[in-house]
Structure formats: C-alpha cells, structure tokens
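Structural overview for review
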There are 2 protein chains.
Amino acid sequence: MKQHTLLMPLDMHLHLRDGVMLENVAPLSSYSFSGAVVMPNLVPPVTTKIALLDYKHRILNATGQNRYDDDFDDLLEEEGFGGDFEPFMTLFYNNYSKEFLEEVADEIIGIKLYPAGITTNSESGVASFDLNEMRPTLEAMSDLEIPLLVHGETDGFVMDREAEFMSIYEMLATAFPKLKIIMEHITTKAAVDMLSLHDNLYATITIHHLLINLDDVVGGMMKPHLFCKPIAKRPEDQAALLSVALEGHPKVMFGSDSAPHPQHAKEACGCAAGVFTAPIALQLLAELFDENDALDNLQAFVSDNAQVIYSICPEFKEVTLVQEEFKVPENYSGVVPMFAGETIKWSIENVD
Amino acid sequence: MKQHTLLMPLDMHLHLRDGVMLENVAPLSSYSFSGAVVMPNLVPPVTTKIALLDYKHRILNATGQNRYDDDFDDLLEEEGFGGDFEPFMTLFYNNYSKEFLEEVADEIIGIKLYPAGITTNSESGVASFDLNEMRPTLEAMSDLEIPLLVHGETDGFVMDREAEFMSIYEMLATAFPKLKIIMEHITTKAAVDMLSLHDNLYATITIHHLLINLDDVVGGMMKPHLFCKPIAKRPEDQAALLSVALEGHPKVMFGSDSAPHPQHAKEACGCAAGVFTAPIALQLLAELFDENDALDNLQAFVSDNAQVIYSICPEFKEVTLVQEEFKVPENYSGVVPMFAGETIKWSIENVD
C-alpha cells in the first residue's frame, strides 16, 4: 500500500476562532500539523500585545499544551490529539507605530491586512489604500522584517475582486521592496502571474481552491459547504493554481484557510463563507499530489517553502499518510467539513 | 398615489409542477395573469397528446376553472384566486413525426427544447444537436408555425454556458429561417446581441435576472433562494437585459421562469435551482419599470409583444397596480418566494 511521509507539515493560513469553537477545532489542526499561522479576525480583532498573548494562551490550552487540567491533557494524548503544535500568531493590520511593532515583533509571524468589510469579521480593516497613511507602519514592518499577509480582494463584482486587487499588490510590492508580502488564499491566474513579477510577493493556496472551481459551488446544485471568500473562480484559474502548487513552486505555501462555522450558519437562507478542511487537508493533498504524480513536491508545498520564506524552524512532527480510504465524518462537533460523509482516498496512518 | 394598469398580463415561461404543488401555485399565477406558457418538464416529461390534455385539465382544475368541487371554486373566488386564466401548453421536445405534430398543433403554443440534463427534470432532453436528426421535426414545426422554445445552455463552465450556446441558436436560426425560436430566460449580453442578428430569434427575460447578478447570489452571503439556472451573470449582462426590457423591445417578452421548490429542497446542503416569483412578479416589474421611468413600456414587455410574437388573444384581465408597500410573505404553502419577508414598493390593488 502506497505511503508518504511528511515532515513538519504547516498550515500557513488558519482560522481557529475562539471559545468553544476554538476548543473544538484547534486539536484537529494540532494533531497533524507542526504549526499554523493563526488569523486575527476575532471579535474584536487582535490588535494589542495582551490580546495576542491571551489568544495564544487559549490556543495552547485548546491544543493540550498549556492546560491546568492534566486529566484532559492525558485524554487528548490518548486520542492522538496531543503533540507539539506552534500557533504562529498574527496581528490584525492597523496603522501601528514603530514602537509598538518593536515591542510585538518577537511574538508574531506577520500582520494580516483585511480590506474593510471584505470577509468574516473584517469590518475594522483598511478602508482605503493610502500609501501616505500606511507608509510609517509598512516601513517599520519592512525594517523589522515582519511580513505583511493580505486578503487581496476589492469590493467589486465577485468574480473580479481578486484580479482587481493586483494593482494594490503592485503598488505595495514596488513601494516596499524589502517587505515580504504574502498574497493569501489566491484563487486566480492573475495572482499566480504576479509571483514572477515581484521578488517580494509570495502566496498561500488552499486545498479547496485546488480542488474546485465555481462550477462545483453553483454549477449543479448550490453547495453552501463549498462557499468561501474568495469564491472559487474559473477552470483556467484553478489550473494555474494547480500548476504552481504541484510543482512545489518556491514562492507558494499551503494555507488551508480552514474556517469553521456552526452547521446552521452554513445551511441557513444566507450562508456564511468558509470551508472547513483542517482535519482532512493533508489527506486531500496527498490524494491530489499522488494523482498528479507530484507526491515528491508535496513536502515543499506543505512545509519547506514556508520555512524558507518565513525563516522558521517548526516543531518536529512526522506524519505518515497511506493510500487507504477514509470516510469523512458528517461533522466535527457540529462543524461540517468539506466532503462530509464522502470517502477520500488517503488517510493519516501515524503521527510522530 | 401612483397607479398603473396592465391589460392581459402574460407570463411566457412558467413552471407549475404537478400534484399538490400545482394546486398550491397555479392559483397564484391565475390571479394576476391572463395566461402563462406552461413548461413541460414534469416527471415524466409531457410528450404525448393525452399527457398534454390531462395536464391542462389538472391546471384548469387547480385554477378553479374546471372543478368538480363547486364549494372550493367559490372559496377561491372569494379569496380572489378565480378568474379566467389560459394555460398555454407546451410539449417537451423530442424528434416528433409531422403526423403527430399536426395532431397536437392546435393544443400547444410551442415545443420546449432542453439540452439533456441541463436543469430540473431535463434528463431526457436533446443530447446532441445533430441537424440531420432534428431536421424533419424542426421543418414540420416551421411549416405548422409551432414555435421552438429553447433552454439555451451547454454543459460548460457555469458562467459560459449560455454564451457558448449562441452558436447553436445561430445554426438553428439560419437552418430554419421561418421557425420562430424563443431564447428562454436569457441572462447574457451575448443573447441580447443575438436579437438583432436573426429575424426569427426572440427572447423571454425573468424578473429576477433583471434584478440580480452573481454578486447577489454569492457576493455577500450565499443566497439559495436566488439560485437558479441559468445562474445570474455579470453586471454588464444584467445591464444589457435591463436595457431591452425597459425599452419594451418588440422581440422581448416577460417570462418569470417562476419555479417552486419545497423550502427544504432550497435550504439543504445542495440546494435545488429555481426562484419563485409568480405571486410578486407584476409588483416587482411595476417597481423596476417605475424606478427607471419606463412604466409606459411595461405593457409591451408583459403582454403586447407576446401577443404579436405568438399571435395569441389572451383572456381579458385588467390588473391595477399601485405604489403601496407590500410585505412579501415568508412562504406560500411552504414555497419561499424571492424577497420573502421583505417589503416591496408596489402592490396589486385590483384585478378585473
């Protein structure tokens, strides 16, 4: 039976939420990933050092690494949900002072910029991209080598939002050539093409944008559990994403953008955006890369590239995947995953 | 208070379904419309004269014009759901013989062609557009002056399906210049542009495709009750549809494509395609045309053009609309309409 081992898999874009949801979903990521870049779009967003450290503490608690309750820790370990897992923390972009940034630089892996109102809990994001207003913060980030992570969408027509944002990437990449800018969860050929135009532009790609296009969301039945922002685009966009992911392109990293919503919020009359993939991401990646004869490039996509781009040394973890069918649960504590109830072709055999 | 009177409004594309659903929705159309072109995609589809006449009988029953139960008729009248209403019947396209077509010609207003599998209950539609196979039927239809009504979509990418179908319209319109071809529920600028290229091409347009584009379906929250086939397209497509509808373009007719589904089938994990607008279509049209200073052209769009194109003389009906707010019910017998629970600006004041 075909096996494939990954070292230190990393999820470079993850939503863990807070409270009960955090308790439910964090162990699903810490089980199979060495670390994850944790998004700061809580309510209110993470904008202070104390909020950041508190949130990190709650994440470590939820992943059984920092608990007061030893019995629960043991239980998690027994169920295979223990293990080392590093939450790489991010701040929600504001025009921060250099003093503040110096103070938090060691605690964060980057700062996440949301255009205002563009997705879940992003209301207090950037309303206009005025370089004069943003320059002090972005220059300080550049000096302090703090990467800028960007949700790159305008408020235009849903199929054009990402492509329209390319001029802003262009402007930022040119104005701050030493600032590492990560185009998060890219979905278009336009964004893929940007990678070769600016040395300081990088990208994360989700597993769902590699597997689906708009046809899968609304081409047959309408599928709320495949509805996400940015929305899946055209087949030629999907092909461009697949091409750079499967080759393990050095500027491209895996970031699940796994976004848990309670089932009722996904299946109501107006459903919330977000696909939940964290517990099945590695299995799906193994299946996809295997079917494209690209398993040898998966290590780069899912860990090595991110280690180089972010200069990080993640916790040791060895995940052995095996080509054995796995029936995806209908839900994880009330959160419906992608492919709920369906059978996928690869499983996790072992985590060390 | 602003008023506007419409004479003999017609819905040139309507789904009435069958059984209990038919009983529930037919009176909602017969109340305010003089007649409607009834789609034949039942299970099984309407392909024989006896099925056609039986279905027409059930529709007349459901609209209180042919009942054995006089008490129920009286009740409907009291509630304002009586009145004359003509169901213009259609057959589901097959390669019929001329003999058969001669036999049914007087009973139908046209024949509806579905590409196989393209929408609800269309599995037995046309699998390939082979002119040699279709020629005898289409020539007979042309001779007998039976219009061809077409659901014009390929099985391609969801945003391209209608535009890709234009070459088939081109082929049909050229090969059968005397055959009236109705491009049903058009959603693109590409289809609008076809109207000026071939004398024998006409179109119906829904109210929802005049009011929404893909942004409204998946641009914010995902809206299952705005999900339909063909899916709403780009803003420039919506603008092209609006332009010909608002000018009362003589080749363009109103057809609601109102398609009732039980609420559970719209709000499940994979939701069915179809927007239910029959009971609010005229009110929405009045609001839209009024806001665009085009009320004077509504009569052409909603009746006169269809009378000329199809050479029909509908039952007399006078519908007076008034600019008075109307709160759309949350559902009609379990069918959720467009704008459920929202307030629209025009109401029906009176039907004579």
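Please read these numbers as outputs of a predicted model, since none were measured by experiment.

Structural notes on the overall build of chain A
The helix and strand inventory of chain A stands at 13 helices and 13 strands. Its C-alpha atoms give chain A a radius of gyration of 19 Å, near enough to 20 Å, the size a compact globule of 352 residues would have. Overall, chain A is about 55 × 50 × 45 Å in size when its C-alpha atoms are taken along their principal axes. Within chain A, the proportion of its 352 residues that are buried is 51%.

Let's talk about the packing of helix 1 (residues 19-32) of chain B against helix 2 (residues 49-62) of chain B
Residues and elements named next belong to chain B. At their nearest, the axes of helix 1 and helix 2 sit 8 Å apart, and the two run at 65 degrees to each other. In terms of crossing hand, the pair formed by helix 1 and helix 2 is right-handed. Seen from helix 1, the contacting residues are Leu22, Glu23, Ala26 and Pro27; seen from helix 2, they are Arg58, Ile59 and Ala62. Residue composition of the contact of helix 1 with helix 2, grouped by class: five nonpolar, no polar and two charged.

Here we look at the interface of chain A and chain B
Contact residues are listed per partner, giving 21 residues for chain A and 21 residues for chain B. The biggest single contributor to the side of chain A that touches chain B is helix 9 (residues 214-219) of chain A, with four residues.

Let's talk about the sheet that holds strand 13 (residues 347-351) of chain B
All names here are of chain B. Here we have three strands laid out as an open sheet, ordered 1-10-13, and antiparallel in their pairing. A strand with exactly one partner marks an edge of an open sheet, and here the two such strands are strand 1 (3-7) and strand 13. Each neighbouring strand pair of the sheet contributes to a mean axis angle of 30 degrees, computed without reference to strand direction. Where strand 1 lies against strand 10 (residues 318-322), five bridges are found, and the strand directions are antiparallel. Bridging from a neighbouring strand, Gln3 pairs with Val322 of strand 10. Where helix 12 (residues 281-291) meets the sheet, its contacts fall on strand 1, strand 10 and strand 13, and the angle it forms with strand 10 comes to roughly 55 degrees.

Focus: the sheet that holds strand 1 (residues 3-7) of chain A
Residues and elements named next belong to chain A. Strand order in this open sheet of three strands is 1-10-13, and the pairing throughout is antiparallel. Each edge of the sheet is formed by a strand with only one pairing partner; in this case those strands are strand 1 and strand 13 (347-351). Along the sheet, successive strands turn relative to each other by an average axial angle of 30 degrees, direction set aside.

A short note on unusual backbone geometry
Glycine aside, the phi torsion of most residues is negative, and most peptide linkages are trans. Each neighbour pair has its own omega, and for Lys229(A) with Pro230(A) the value is -5 degrees, a cis peptide bond. Of note, Pro230(A) is situated in the loop between helix 9 and helix 10 (235-246). Its identity as a non-glycine residue notwithstanding, His185(B) has a phi of 35 degrees, on the positive side. With respect to the helices, strands and loops of the structure, His185(B) is situated in the loop between strand 7 (181-183) and helix 7 (189-194).

Some words on the relation of the copies chain A and chain B
Of the transformation superimposing chain A on chain B, the axial component is 0.0 Å and the angular component is 180 degrees, with the fit at an RMSD of 0.0 Å. Look at the turn and shift together and you get a two-fold axis relating the two. Comparing interface residues between copies, 100% of those in chain A also sit at the interface in chain B, which points to an isologous, same-surface contact.

Thoughts on the confidence of the model for chain A
Residues of chain A with pLDDT of at least 70 account for 93%, and the chain-wide mean is 93. With a pTM of 0.90, the predicted complex shows an ipTM of 0.87.

Here's the deal with helix 12 of chain B
Residue and element names in this part refer to chain B. In terms of burial, helix 12 is a largely internal element, nine of the 11 residues being buried. Every buried residue of helix 12 is accounted for by Ala281, Leu282, Gln283, Leu284, Leu285, Ala286, Glu287, Leu288 and Phe289. Count one or two residues on from helix 12 and you reach Asp293, which has phi positive near 50 degrees.

Observations concerning the environment of Tyr55(A)
Residues and elements named next belong to chain A. Along the chain, the position of Tyr55 falls in helix 2 (residues 49-62). Exposure remark for Tyr55: the 20 C-beta atoms within 10 Å place this residue in the buried category. In this view, Tyr55 contacts Leu42 and Val46; residues no more than four positions away in its chain are not counted.

Examining helix 1 (residues 19-32) of chain A
The largest bend along helix 1 of chain A measures about 30 degrees and falls at Val25(A), with the proline Pro27(A) one to four residues further on. Considered for burial, the residues of helix 1 of chain A that qualify are Leu22(A), Val25(A), Ala26(A), Pro27(A), Leu28(A), Ser29(A), Ser30(A), Tyr31(A) and Ser32(A).

Section: the environment of Ala175(A)
All names here are of chain A. Along the chain, Ala175 falls in helix 6 (residues 161-175). Taking the C-beta count within 10 Å as the criterion, Ala175 has 14 such neighbours and is therefore assigned partly exposed. Measuring from C-alpha to C-alpha, the distance between Ala175 and Lys98 comes to 18 Å, with 77 residues separating the pair along the chain.

Cut-off values and rules
- Residues numbered from 1 in each chain as written.
- Chains lettered and ligands numbered in written order.
- Predicted model: local features only at pLDDT ≥ 70, side-chain atom pairs only at ≥ 80, totals over all residues.
- Helix = DSSP H or I, 4+ residues; strand = E, 2+ residues; numbered from the N terminus.
- Rg over C-alpha atoms; globule rule 2.2 N^0.38 Å.
- Buried ≥ 20, exposed ≤ 12 C-beta atoms within 10 Å, placed from the backbone.
- Axes fitted to C-alpha atoms, helices over the stretch in contact; angles between N-to-C directions.
- Left-handed = near helix turned anticlockwise from the far one by under 90°.
- Contact = placed C-beta atoms within 7 Å.
- Nonpolar A, V, L, I, M, F, W, Y, C, P; charged D, E, K, R; others polar.
- Pairing = 2+ DSSP bridges.
- Least-squares fit on C-alpha atoms with pLDDT ≥ 70 in both.
- pLDDT = per-residue confidence, 0-100.
- Bend = angle between axes of the 7 residues up to and from the residue.

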